[in-house]
Each structure stands twice: as structure tokens, then as C-alpha cells.
Amino acid sequence: MPSEGTSAPPYVPPDQARFWLGTLTESADAGFVGTDLRGVIITWNPGAERIFGYPPAEILGRPISALIPPDKQAEEASSLARIRAGETSVRLETERLRKDGRRTPVSLTMAPVLNEQGEAIGISVIARDLKMAHFVEAELVRREAILRSILDTVPEALIIIGESGLIQSFSAAAERLSGYTPEEVIGQDMSVLVFEQHREGQVAYIARYLQTGERHITGIGRVVAGQRKDGSTFPMELSVGEIALPGVRQFTVFIRDLSERQDRERRLAELRSELVHVSRLNDLGQMVSTLAHEVAQPLTSLANYLSGSRRLLTAGRSEAAEQALERAAEQATRATRIVQGLRDFVRKGKTEKRVEDLRKTIEEASALAMLGIAHKLTLELQVSPDATRAVIDKVQIQQVLFNLIRNAAEAMADNLPGAISISVTRDGQMAEIGVSDTGPGLGEEVRAKLFRPFVTSKPNGMGVGLSVCRTIVEAHGGRIWADAVPSGGTLFKFTIPLLALPSERTDRRA
Amino acid sequence: MNAVGVVDDDPAVLDSFRFMLEVAGHRVLTFGSALEFLAHTSDPPGCLILDQQMPDLTGLELVERLRLEGITLPILLVTAWPSPAIVARAAELGIEGVLEKPPGEGEVLSFVAAHL
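Quick caveat, the model's predicted, so the values are computed rather than measured.

### Considering the overall build of chain B
On a plain count of helices and strands, chain B comes out with 5 helices and 5 strands. Starting at the N terminus and walking to the C terminus, you meet the elements of chain B as β-α-β-α-β-α-β-α-β-α. Looking at chain B as a whole, 37% of its 116 residues are labelled buried. Counted over contacts in chain B with a minimum sequence separation of 6, partners at least 24 positions apart contribute 56%.

### Thoughts on the overall build of chain A
A tally of helices and strands in chain A yields 15 helices and 17 strands. Expressed as a percentage of its 510 residues, the buried residues of chain A come to 25%. For chain A, the proportion of contacts with a sequence separation of at least 24, taken over those separated by at least 6, is 52%.

### Digging into the interface of chain B and chain A
On the chain A side, the residues contacting the 16 residues of chain B number 18 residues. With 7 residues, the top contributor of residues to the side of chain B that touches chain A is helix H1 (residues 11–23) of chain B. Of the residues in the side of chain B that touches chain A, the class split is 11 nonpolar, 2 polar and 3 charged.

### What to know about helix H12 (residues 394–411) of chain A
Every α-helix carries 3.6 residues per turn, so stepping three or four residues along brings you back to the same face. End to end, H12(A) covers 25 Å across 18 residues, agreeing with the expected 26 Å (1.5 Å per residue, within 8%). Most of H12(A) is tucked away: 14 of the 18 residues are buried.

### Here we look at the nonpolar core
Core analysis: the largest hydrophobic core is formed by 40 residues, its most contacted members being B:Val7, B:Phe17, B:Ile49, B:Leu50, B:Ile75, B:Leu76 and B:Leu77. With 7 residues, H1(B) is the largest single contributor of residues to this core. Other than its neighbours up to four places away in sequence, B:Ile49 contacts B:Val4, B:Val6, B:Phe17, B:Leu76, B:Val78 and B:Val108. One finds A:Leu404, A:Val435, A:Ile472 and A:Val473 within the second-largest nonpolar core, a separate group that totals 37 residues.

### Re the pairing of strand S1 (residues 4–7) of chain B
Residues and elements named next belong to chain B. Burial along S1 is two-sided: the face carrying Val 4 and Val 6 and the face carrying Gly 5 and Val 7 are both buried. When S1 meets strand S2 (residues 28–31), the two strands line up parallel, connected through 4 bridges. Bridging from a neighbouring strand, Gly 5 pairs with Leu 29 of S2. On the question of chirality, the crossover connecting S1 to the parallel S2 by way of H1 is right-handed.

### Some words on the sheet that holds strand S16 (residues 480–484) of chain A
Residues and elements named next belong to chain A. Strand order in the open sheet made by the 5 strands is S12-S14-S15-S17-S16, with mixed pairing throughout. Edge strands, defined here as strands with exactly one partner in the open sheet, are strand S12 (377–383) and S16. On average, each strand axis in the sheet is inclined to that of its neighbour by 20 degrees, with strand direction left out of account. Bridging between strand S15 (residues 430–436) and strand S17 (residues 490–497) involves 7 bridges; their strand directions are antiparallel. Residue Glu 432 lies in a different strand from S17, and its bridge partner there is Thr 495. Against the sheet, helix H11 (residues 358–370) touches S12, strand S14 (418–427) and S15, its axis set at about 170 degrees to S12. Sitting on the sheet, H12 is in contact with S12, S14, S15 and S17, with an inclination near 175 degrees to S17.

### Some remarks on the environment of A:Pro417
As for its placement among the helices and strands, A:Pro417 is situated in the loop between H12 and S14. When the C-alpha positions of A:Pro417 and A:Gly439 are compared, they lie 9.6 Å apart, and in sequence the two are 22 residues distant.

### Observations concerning unusual backbone geometry
Residue and element names in this part refer to chain B. For the bond from Lys 101 to Pro 102, the omega torsion is -5 degrees, close enough to zero to count as cis. Note that Pro 102 resides in the loop between strand S5 (97–100) and helix H5 (105–115). In this structure, Asp 43 takes a positive phi of about 50 degrees despite not being glycine. In this structure Asp 43 comes out as exposed when scored by C-beta crowding, with 10 C-beta atoms within 10 Å.

### Points about the sheet that holds strand S3 (residues 47–51) of chain B
All names here are of chain B. Taken in spatial order, the 5 strands make up an open sheet running S2-S1-S3-S4-S5, and their pairing is parallel. Edge positions in the sheet fall to S2 and S5, since each has one partner strand and no second. In this sheet, adjacent strand axes meet at a mean angle of 20 degrees when their direction is disregarded. As judged from the 4 bridges shared by S1 and S3, these two strands associate in the parallel manner. Within S3, the residue paired with Val 7 across the bridge is Leu 50.

### So, the packing of H11(A) against H12(A)
Pairs of packed helices are described in terms of their axes, by the angle between the two and the distance that separates them. Residue and element names in this part refer to chain A. Two elements in contact, H11 and H12, have axes separated by 9 Å at closest approach and are oriented at 45 degrees. Compared by their axis directions, H11 and H12 come out oblique. Pair H11 / H12 crosses with right-handed handedness. Between H11 and H12, the residues in contact are Thr 361, Ile 362, Glu 364, Ala 365, Ser 366, Leu 368 and Ala 369 and Lys 394, Ile 397, Gln 398, Leu 401, Phe 402, Ile 405 and Arg 406, respectively. Among the residues making up the contact of H11 with H12, the classes are represented as 8 nonpolar, 3 polar and 3 charged.

### Topic: the environment of A:Ile472
Note that A:Ile472 resides in helix H14 (residues 463–475). Discounting residues that sit within four places of it in the chain, A:Ile472 has contacts with A:Gln396, A:Gln399 and A:Val400.

### Digging into the pairing of S5(B)
Across a regular strand the side chains alternate sides, sitting on one face of the sheet and then on the other. All names here are of chain B. Bridge analysis of strand S4 (residues 75–79) against S5 gives 4 bridges, and the strand direction is parallel. Across the sheet, Leu 76 pairs through a bridge with Gly 97, a residue of S5. Considered for its hand, the β-α-β crossover made up of S4, helix H4 (residues 84–92) and S5 is right-handed.

### A closer look at the environment of A:Val40
Here A:Val40 shows up in the loop between strand S1 (31–35) and strand S2 (41–44). Beyond its immediate chain neighbours, meaning those up to four positions away, A:Val40 contacts A:Thr35, A:Gly61 and A:Pro63.

Calculation notes
Counting starts from 1 at the beginning of each chain's written sequence and moves along it residue by residue. Both sets of labels track the order of writing: A upward for chains, 1 upward for ligands. Side-chain atom pairs in this predicted model are given and counted only at pLDDT of 80 or more, local residue features only at pLDDT of at least 70, and totals for whole chains, interfaces and linings cover all residues. Every helix listed is a DSSP run of H or I at least four residues long, and every strand listed is a run of E at least two residues long, numbered separately from the N terminus. Residues are called buried when their C-beta atom has 20 or more other C-beta atoms within 10 Å, exposed when it has 12 or fewer, and partly exposed otherwise; all C-beta atoms are positioned from the backbone. Residues are scored as being in contact if the C-beta atoms we place from backbone atoms lie within 7 Å. In this classification, Asp, Glu, Lys and Arg are treated as charged, Ala, Val, Leu, Ile, Met, Phe, Trp, Tyr, Cys and Pro as nonpolar, and every other residue, Gly included, as polar. Expected span, for any helix, means 1.5 Å times one less than how many residues it has. Any set of buried Ala, Val, Leu, Ile, Met, Phe, Trp, Tyr and Cys residues joined through C-beta atoms within 7 Å is what this text calls a nonpolar core. Note on pairing: DSSP must find at least two bridges between two strands before they are called paired. By convention, orient the strands away from the viewer: a clockwise path from the first strand over the helix to the second makes the crossover right-handed. Angles here are taken between N-to-C directions and fall from 0 to 180 degrees, while the axes themselves are lines fitted to C-alpha atoms, restricted in helices to the stretch in contact. Reported orientations rely on four angle classes, namely roughly parallel under 35 degrees, roughly antiparallel over 145, roughly perpendicular from 65 to 115, and oblique for the rest. The crossing is said to be left-handed when, going from far helix to near helix, the turn is anticlockwise and less than a right angle, and right-handed when the turn is clockwise.

Right, dumping it as C-alpha cells:
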């Protein structure tokens, strides 16, 4: 091999220049065509052969106009005029004729070839085949149209977000769901669709995923609180998928409004609760009938003995009266025992008690109770670490919570903004659960009567609800009561048995 | 004089009715069941205070028997649960009155006074 040569100017020794240029010319994809000043083709490379179909022997010496379709002649003339006028580079996209007569899209770069004296000795034309580029462009347009069609017709609300969570595309269904037009949200962070008070958390959640790539954000089923343009909230289910593209991270997010489903579930839960209540009433009806009969007996006897005793006393026959009164007292005792027996029966009532996590129990009941509450409320839950698990019939205690929370929410309907505060603390062996609201509060008289059946302070009568709550709580061995909150509002409290700590359990057994 | 009959399966109720009516000056015959009453043929009472809820024969069933035999004894039905059905049937059987337990003293005595 000859010497490597120095890497210093001139980098290509003048006598070797033609080797370099020759190789470049031979290997280029682009067509290199050179013409003299009359337009006769005097250089032709393999690239040009590929593009136009002519081998050198068939085109060298022929005028370049052979390659130019009739409707492009004027354009060519004007390009040449520009070069003659002194432009050193003319670029255009146009069409030329192949050997087989077909037109082919090309991009051309034309330049004058100058000699040492700066005189033009010819024209150089570099041609690039635009067929592929046009094809790709057409394909892009086609795919864009398909995407648009999908976005317009997919019944689910679909948005496409970029790596930073910004919305890039917004389907028609997403428009209908959220009330936003694409123009209003494209470019904004996806969290614009999330309930205001939760936005920070949601943004953090997505950001965390995008940074760490943790996969649990993708897939189906994350439910968050969504917010429409008009401010109304709805339960929103997100399904996120990552679009597999090298170098660019994009995500498809399907959004579902679960209101209807949750509405149905809530109605079912309410129905179930009503059913339980009705069946209790049925049992209650039976019990009342039995009770009425059993208590009626000693009461009848009591009344008879008393009436006779009165007459005896009026007649001065106190000894006989005394005897009768003794029997009257016996009947009174009998009646008392019957009532006590009834209370025992109610307390023992059928329940399925299991160890339950109190936070989860309360959160579920709250979610259900707060559904469909249109006005703005905050709900706060605090569970003391020493009162986390209880032995309860979860469905029943949730009924109690559902009642109390809905009562609280309704109490605050005219007193916005409102706050419901739920607390769980330990009181010996029991958990004390408090539900407070910032409503107008209840008077002492009303509070005293709250848990009796059919006593209500409200026109649409939730009175039966509280009486059932009392039955449930007392069946768990707890009690339920209502306090006034000094700053305004009502605080309902009830107690339920905590899961005993191992140390306590051993103590109990001993 | 005619006696007041009382039919009730609860001994305390029976005894207390007897006491109350005797102190009010009446002669009383007591029966612990409908069958016991049916078996008693001598010295028939002038009117009857009858409990509905009884183990072998209910008060209404007893009255059906009596009406079938053409006995038109004045009857006061006393019951803890005067349901519409019971009240209707009592009316059909020509029972003079249906009272809810515990009955008011005045009502029982005025029935007896009116029909003895």
C-alpha cells in the first residue's frame, strides 16, 4: 500500500482527487448527471441509471430533454435561466421520464460547473428518487386518517399522552365524557381530567411510572376520581398501555366513567340493606306479635287484680286487697321477664362476625356513601394504630357507617362547605368510632330520641335507619350515641369489639 | 243467679278475672280450655268471656261449635292481636264484642252487666 499520507491540507492530493470523486460518484444512490451548456448529457452514474433506467451507453450524448416530460419543459427552462443568471444552486421537486416512458418523482439539485477561470462549462444535476418518500408520505396520511377514524368512532374515551403526561390526542368519546374539546386539552397534563383535590397525587403517580417504568400503572383497573369541565366528579377507571416505539414514549389511556356501574352497585347495596332491614322488620313483626300476646297475659291479670283490689280497699277489706296486690306484683314480674327475654333475643341476633380491618371497612363504606353526593364535602379518616382490627359483621357495621355518613352529608347540604370527620380510637377492649359533621347540629331533645324506631327529625324519615343501627351495634355488644359538637354539628359515636391483642387473649383465658 | 263464664288457658289470667268479677259481685265459673267448657253441661253461664289464643281449640273455633249446636250465649272475645280477619269472623259468628288484651275494666263489667 502506498503511504497513508499526511492528514494535513491538502487532505486529498490533487493527483488522487479523481479516485475519490470517482468512487463517490460510482457508489452514490443519487443520480449524478452532468450536461454541457447545450444540455447534452456528458456524465452519468449508476445512481442515475437506477433512477431513469438508461445504461450510460444509451443516454450519453443525448439531450437532457429526453428525460423531461412535456409539461415540465417550461420549469426546466426557468431553472436554467436562474443558473445563467448566476444562482449557484437550484432545488426543485418535479417529475422526469424513465426509459420505460413512466413518470417518476424526483428532487433535483442543479448547479453550474465552473472552470478555473470561473466560466461555466456545464450543468450538474443531482437527482434523488422521491418514489419512496411519496409512498411513505401517502402511507402516513393514510395511517393518520385511520387513527382519526378510530379516535372519532371508538366508543371508549381514549387519549394519547406523551412521556411527560401531556395529552396529544383526544377521542370524540373523551370529549363527550369530559366536556372538553380537543383544543382545550391537547398540550395539557393528563391530570386536568382528575378531580382537583387529587391532582397532585395523580400527577406524582404517573410521573413515578414514567420515571421508573414500574408496570403497575399499565393494564386495567385503576379507579380514581375524575372531574369534567363543568366541575362535576365521577369515578374514573384508567387503562394505560404503552405504545411500543423506539426512542419515543407514548401511552394510550382509556377512560371509563364508572358512575353507572357504581350507581347500580350502590342501588344493589341499598336494596340489600333494605332487604336485610325488611326481613328484620318481618322477624320484628313476628316478634312483636308474639310479644304482644305474651305480655298481654300478665298485663290483663295485673289490670284485673288491681281493679278488684281498688274495690276491696274502698270496701275496707285491706287484707284481701293485700293478697290480690301480691298476685298483681307477681304478674308485673312476669311481664318484665318477658321483655328481658326479648332483649336477649335481639342481642343474640344472627350475625357473622369476623376479624376485619377497620380502615378498609370504613373506606369502603365511605366511598359508597359519598357516591352521588353533589355538593363539595371533605371526608377525613383517622385510625389510631392501636385500634386497627375489630371482630365484626362487616356488612352490618358498614350499614351503620353508611347511615351515619349519609346523615352527616345531608345535614350539611345547606351548610357548605362541609367536612365529615371519622375517627377510630381505642377504649379498653372496644374501638370507638366517631362520625362528625359541621352541620347545624341537633337539639338535646332530638338527640335523646334519635335511636328510637320511627322517631325522625327529617321529613323523609331516616329515623328507622338509626334504630336499626342501634340494633346492630348492640348486637355487637357496643353502644351508640350522639353528642353535640361545641363548634357546631353533630358527633355520632359507636363502639364495637376490637380484636384482642395476644396478651389480652391469654389474660382472658386465664 | 247466672254465672259469668271465663275461658282462658293462662291460669293467672283466669284467676284474675275470677277475682275481679267476684269482687264486683258476680258468680264466676272458670275453664282452662275450650274442651273443658264444652264438657261442662250443668249450670251453664249467662255470658262468656273468651280468650282467642288457646292450644286445642281457639276461641273462634269454640264459638263455631256453640253456634252449630244452636247455643246463643252472649260472648266477649278477648285477644292480644285483634287482626281484621279475627274481627270479621267474630262478626260473622254473631259475637257481641271483641276486646284487645288487656281489656279495660269498665268494658268487661259493662258487657257482663248488659248480657248476664
